[in-house]
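# Structural characterization, general
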Amino acid sequence: MIELTWDDKKCTSPNECRRCLDVCPQGVFGIYARDGRKPGKAASNWAIAPMYLNLCTGCEICDETCPEGAITVRVAAQGATRRTWRKHVGAEL
Amino acid sequence: MCEFCVQHGEGKKWYLEAKNYSRELMNEERKRFSTEFFEKFDETTIQQLGALSKLMAADEAAARRLFPSIIAQAKKDHYGQVVPIEEVDQILDMSLSVVRVPCVCRSTLRGYREARFCFGVTAPGSAFMDATLAPYPDWSSSIEELTTEEAKKAIQKLDRNGLVHTVWTFGTPYIGGICNCTVNECLALKTRTRLGLPMFFKAEYVAAIDWDECNGCRDCMKSCNFGAINYSAYVDKCSVNQIQCYGCGVCRAECPRDAISLRDRNAVPALANEW
């Protein structure tokens with residue numbers, strides 16, 4: 001099992017950092033605004049979420065790259081195919 | 001012909017029919033759909049694709065059983081087709097007004113907010129992409145009006161850089177935009193090639209490499225987003241896998257021998273249903 005965990009408290013400025021979005025070789029992640037845009041109001045309160053979780057290989061490049069340690073990868077067994085995504089307190093999706 | 005040509009083109013290419021860009025099609029329902037499409041793009045795509053990909057990871061067969069209904073809905077709301085650069089030029093020659101805007105796929109997949117690869121097109125005197133995006137501060141300063149010539153030059157350059165041109169409906173058959181895609185940066189291309197869920201048609205064409213002209217340099221392979229070009233080392237020649245090919249035509253610009261051409265997909269018997 002490959003378990004990805006994203007810590008909302010440690011991921012302080014995803015819209016400025018964006019490193020996990022860039023470095024993941026499979027492009028697993030996406031970014032969305034929890035406070036959505038409205039006419040006259042820009043989107044804000046950004047969060048990272050997986051768009052292509054089934055493409056995750058468990059390579060851990062996201063874990064190695066994240067400067068805040070907000071993404072961690074735990075691989076429970078070799079040849080893992082089951083992938084999960086957990087968020088710590090504060091995230092919603 | 002793809003089913004849109006049959007339904008919305010009277011047997012001709014639907015994306016070359018002026019009526020599919022006309023303001024008569026822009027009714028309240030399409031306006032509402034388009035506004036919500038852009039306003040909630042990141043939230044919607046992450047929720048829907050996120051859920052689908054999680055299901056694929058857990059139970060691929062169950063996920064695939066959902067594909068036909070997802071595709072059927074997308075064909076009504078927002079579906080695309082690959083078009084080669086000559087047809088992009090023909091579309092722009094229909095004297096549509098053109099705006100260039102940041103690509104919403106890239107903003108969601110990578111957080112790039114100024115990746116200005118997307119071109120809104122609409123009948124002269126009416127407004128679509130600009131009117132839809134203008135109320136939002138995220139985009140209002142990035143909407144750039146272009147002349148037809150400027151847009152053609154910009155997209156021709158993207159073609160030489162190997163980007164795939166796609167037209168998109170906002171309430172089929174109304175065409176609101178032309179985007180320029182890569183497999184990693186476009187949700188539609190990525191979702192089709194990696195998940196097998198087609199949210200657009202291949203082009204009305206398929207590429208072919210002239211055997212005599214080909215010198216085996218393999219430059220064409222560099223630009224193919226779909227892995228549709230194969231190399232035979234023994235004879236030092238490339239060939240196009242027609243079943244993989246999407247007919248985008250960007251390989252042609254790479255070939256130093258002009259050995260690649262686009263053929264009518266409908267004239268190849270086994271490809272007539274390969275969309």
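Here the structure is shown first, and the text comes after it.
Since this is a predicted model, take the numbers as computed values, not measurements.

Along the backbone of chain A there are 3 helices and 5 strands. Walking chain A from its N terminus toward its C terminus, one meets helices and strands in the order β-α-α-β-β-α-β-β. Excluding contacts between residues fewer than 6 apart, the proportion of contacts in chain A whose partners are at least 24 apart in sequence is 66%. Total accessible area on chain A is roughly 4500 Å²; 48% of this is exposed by carbon and sulfur atoms.

Residues and elements named next belong to chain B. Judged by pairing direction, the sheet is mixed, and its 7 strands sit side by side in the order β4-β2-β3-β6-β5-β1-β7 without closing on themselves. Each having just a single partner strand, β4 (144-146) and β7 (200-201) make up the two edges of the open sheet. As judged from the 2 bridges shared by strand β1 (residues 80-82) and β7, these two strands associate in the parallel manner. Looking at β7, one finds that G80 is bridged to F200. Sheet contacts for helix α5 (residues 85-92): β2 (97-101), β3 (118-122), β5 (164-169) and β6 (175-181); angle to β5, the most-contacted strand, approximately 45 degrees.

With that out of the way, let us pick up the layout of surface pockets. Residue and element names in this part refer to chain B. A volume near 930 Å³ is recorded for the largest pocket. As for the largest pocket, its lining consists of 34 residues, of which F37, F41, T45, H78 and M199 are closest to the centre. Elements with a minimum of two residues in the lining of the largest pocket: α2 (28-39), α3 (41-58), α4 (60-77), α6 (104-110), β6 and α10 (187-195). For the lining of the largest pocket, the element with the most residues is α3, which contributes 6 residues. What lines the second largest pocket is N27, E29, R30, R32, F33, E36, K76, D77, G171 and T172. When contributions to the lining of the second largest pocket are tallied by element, the ones reaching two or more residues are α2 and α4. Sort the elements by how many residues they give to the lining of the second largest pocket and α2 lands first, with 5 residues. Grouping the amino acids of the lining of the second largest pocket by side-chain chemistry returns 1 nonpolar, 3 polar and 6 charged.

Residues and elements named next belong to chain A. Ordered in space as β4-β1-β5, the 3 strands form an open sheet in which the pairing is mixed. Both outer strands of the open sheet, β4 (71-75) and β5 (83-87), are each paired with one neighbouring strand and no more. Here the average twist between neighbouring strands, direction ignored, is 20 degrees. Judged from the 5 bridges that link them, strand β1 (residues 2-6) and β5 form a sheet pairing that is parallel. Bridging from a neighbouring strand, W6 pairs with K87 of β5.

This next bit is on the state of the cysteines. Applying the stated criterion across every chain, the model contains 0 disulfides over all chains. Unpaired in this structure, A:C59 has its nearest cysteine sulfur neighbour in A:C24, at a distance of 6.1 Å. As a non-bridged cysteine, B:C2 has B:C5 as the owner of its nearest cysteine sulfur, 3.5 Å distant. The class for B:C2 is buried, based on a relative accessible area of 0%.

As a further point, take the packing of aromatic side chains. Each aromatic ring pair is specified by the distance between its two centres and by the angle formed by the two planes. All names here are of chain B. Taken as a whole and judged by the stated rule, the model has 18 aromatic pairs over all chains. Note on F37 and F170: the rings are 5.3 Å apart at their centroids and 90 degrees apart in plane angle, and the pair reads as edge-to-face. Of the two residues, F37 sits in helix α2 while F170 sits in the loop between β5 and β6, which places them 133 residues apart along the sequence. Among the residues examined, F37 registers a relative accessible area of 16% and is labelled buried.

Conventions we followed
- Throughout, residues of each chain are indexed from 1 in the direction in which the sequence is written.
- For naming, the first written chain is A and the first written ligand is 1, with later ones following in the order written.
- Two thresholds apply to this predicted model, a pLDDT of at least 70 for residue-level local features and 80 or more for giving and counting side-chain atom pairs, whereas whole-chain, interface and lining totals are computed over all residues.
- By convention in this description, side-chain values take in all heavy atoms of the structure and omit both hydrogens and water.
- By the criteria applied, helices consist of DSSP H or I runs no shorter than four residues and strands consist of E runs no shorter than two, each listed in order from the N terminus.
- Should any heavy atoms of two residues lie within 4.5 Å, those residues are considered in contact.
- Residue exposure ignores everything except the shown protein chains as possible cover, and the areas themselves are Shrake-Rupley values with a 1.4 Å probe.
- At least two bridges found by DSSP between two strands are what make those strands a pair.
- Every axis corresponds to a line fitted to the C-alpha atoms, with the helix fit spanning only the stretch in contact, and the corresponding angles, defined between N-to-C directions, vary from 0 to 180 degrees.
- Throughout, the protein atoms alone are placed on a 1 Å grid, and a set of points is a cavity if a 1.4 Å probe fits but cannot get out or a pocket if it is open with protein on both sides within 12 Å along at least five of seven lines; lining residues have an atom within 4 Å of a point.
- Grid points are joined across faces, edges and corners, and a volume is the space filled by probe spheres set on the points.
- Side-chain classes are defined by residue name, with Ala, Val, Leu, Ile, Met, Phe, Trp, Tyr, Cys and Pro counting as nonpolar, Asp, Glu, Lys and Arg as charged, and the others, Gly among them, as polar.
- Two cysteine sulfurs form what is called a disulfide whenever their separation falls within 2.5 Å.
- Between buried and exposed lies partly exposed: a residue is buried under 20% and exposed over 50% of the maximum accessible area for its type, with that area taken using a 1.4 Å probe on protein chains only.
- Whether two aromatic rings pair depends on their centres lying within 6.5 Å, for rings of Phe, Tyr and Trp, where Trp uses its six-membered ring; planes under 30 degrees apart make the pair stacked, over 60 edge-to-face, and the rest tilted.

Remember that the coordinates give geometry; whether it matters functionally is a separate question.
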